[in-house]
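# Observations on chain architecture
Residue strings, one per chain:
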Amino acid sequence: SADLASTSAGKGSDTVGFPDALAPAFLKTTSDIINGERVSVLRAVDKSKWAGVRAGADTSDLAPDINALLSAMGSAGYGNLYFPAGSYGLGAEITAPSNVVIEGVRGKTWLFPLYDPAGGNLLLSTSYTSFVTIKGMGFDGKMATRSAANFPNVVTVFKASDVVLEDCNWKDCK
């Protein structure tokens, strides 16, 4: 019998759905792409980090994996990226393409920086995009742990249209 609760490779979520050879590994099923269904960001995160993310204890840079997932959605022309409850450390900003929904669990999903930028963006950029919705996400600027000289933007909306921030939380931001 299949152990659908397992986080081991080849088990659990790896056995659900119908694989599509044309889809990137983290968009494992044809229906995710065709139907614009929510895709969990955890599909792009190594399973060994899931418990740490959920507990808010993981300090890995998840930005490259998240940006790869967002880029694939941008290439598809749309997407709905879901962040389950947890804390997601970013070593660089993530960039939302046009026609994307980024959704978390209000009060339980947090993005936080792993670095002290010399200026510019910190967590999320929607520059030169349109039709982006960000809802239920939390943004923790970690101002207390950064140098006083660096007060960058936590979220940047620049030369963008139809960008919606809905039910988001802000913590330790300027």
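In case you missed it, the structure is sitting above this.
All of these numbers come straight from a predicted model, not from anything done at the bench. (Residues numbered from 1 in each chain as written. Predicted model: local features only at pLDDT ≥ 70, side-chain atom pairs only at ≥ 80, totals over all residues. Heavy atoms only, no water.)

## Description of the sheet that holds strand β3 (residues 86-90)
Convention followed: Only when DSSP finds a minimum of two bridges between them are two strands counted as paired. In this text, helices come from DSSP runs of H or I with a minimum length of four residues, and strands from runs of E with a minimum of two, each type numbered from the N-terminal end. Here an angle of 0 to 180 degrees is reported between the N-to-C directions of two axes, which are lines fitted to C-alpha atoms, with helices fitted over the stretch in contact.
Read from one edge to the other, the open sheet built from four strands follows the order β3-β6-β9-β12, with strand pairing classed as parallel. Strands with a single pairing partner mark the edges of an open sheet, and in this sheet they are β3 and β12 (169-171). The sheet shows a mean angle of 20 degrees between the axes of neighbouring strands, taken without regard to direction. Across two bridges, strand β6 (residues 109-113) lies against strand β9 (residues 138-140) in parallel orientation. From the neighbouring strand, L111 faces β9, where its bridge partner is F139.

## Some details on the sheet that holds strand β11 (residues 161-166)
Read from one edge to the other, the open sheet built from five strands follows the order β1-β2-β5-β8-β11, with strand pairing classed as parallel. Here the strands that pair on one side only, and so sit at the sheet edges, are β1 (38-40) and β11. Taken pair by pair, the neighbouring strands of this sheet meet at an average axis angle of 15 degrees, ignoring direction.

## Some points on the environment of V105
Basically, it comes down to this: Two residues form a contact once any of their heavy atoms are found within 4.5 Å.
Mapped onto the fold, V105 is located in the loop between β5 (100-103) and β6. C-alpha separation for the pair V105 and D167, spaced 62 residues apart in sequence, amounts to 9.5 Å. Those residues within four positions of V105 in sequence are excluded, and the remaining contacts are Y82, F83, P84, A85 and G136.

## Topic: the pattern of salt bridges
Here is the rule we go by: Any carboxyl oxygen of Asp or Glu that lies within 4 Å of a side-chain nitrogen of Lys or Arg is treated as forming a salt bridge with it. Only protein chains enter the calculation, and the probe is 1.4 Å; a residue is then buried if its accessible area is under 20% of its type maximum, exposed if over 50%, and partly exposed in between.
Taken as a whole and assessed by the stated rule, the structure comprises two salt bridges. When the shortest N-O distance is used, the salt bridge between R38 and E103 registers 3.6 Å. Here the residue R38 occupies a position in strand β1, and E103 occupies one in strand β5, the gap between them amounting to 65 residues. Residue R38 is classed as partly exposed on the basis of its relative accessible area, which comes to 42%. The partner of K171 in a salt bridge is D140, with the nearest N and O atoms 3.8 Å apart. Of the two residues, K171 sits in strand β12 while D140 sits in strand β9, which places them 31 residues apart along the sequence.

## Looking at the packing of aromatic side chains
Rules: Two rings from Phe, Tyr or Trp (for Trp, the six-membered ring) form a pair when their centres sit within 6.5 Å of each other. Planes less than 30 degrees apart are called stacked, planes more than 60 degrees apart edge-to-face, and all others tilted.
All told, the structure shown has three aromatic pairs when counted by the stated rule. Taken together, a centroid distance of 5.0 Å and an interplanar angle of 90 degrees make the contact between F83 and Y88 edge-to-face. On the basis of an interplanar angle of 25 degrees and a centroid distance of 4.8 Å, the ring pair of F139 and W170 is categorised as stacked. Residue F139 is found in strand β9, and its partner W170 is found in strand β12; the two are separated by 31 residues along the sequence. Take F139: its relative accessible area is 0%, and that puts it in the buried class. For W170, a relative accessible area of 46% gives the class partly exposed.

Keep in mind that these numbers describe shape and distance, not what the molecule does.
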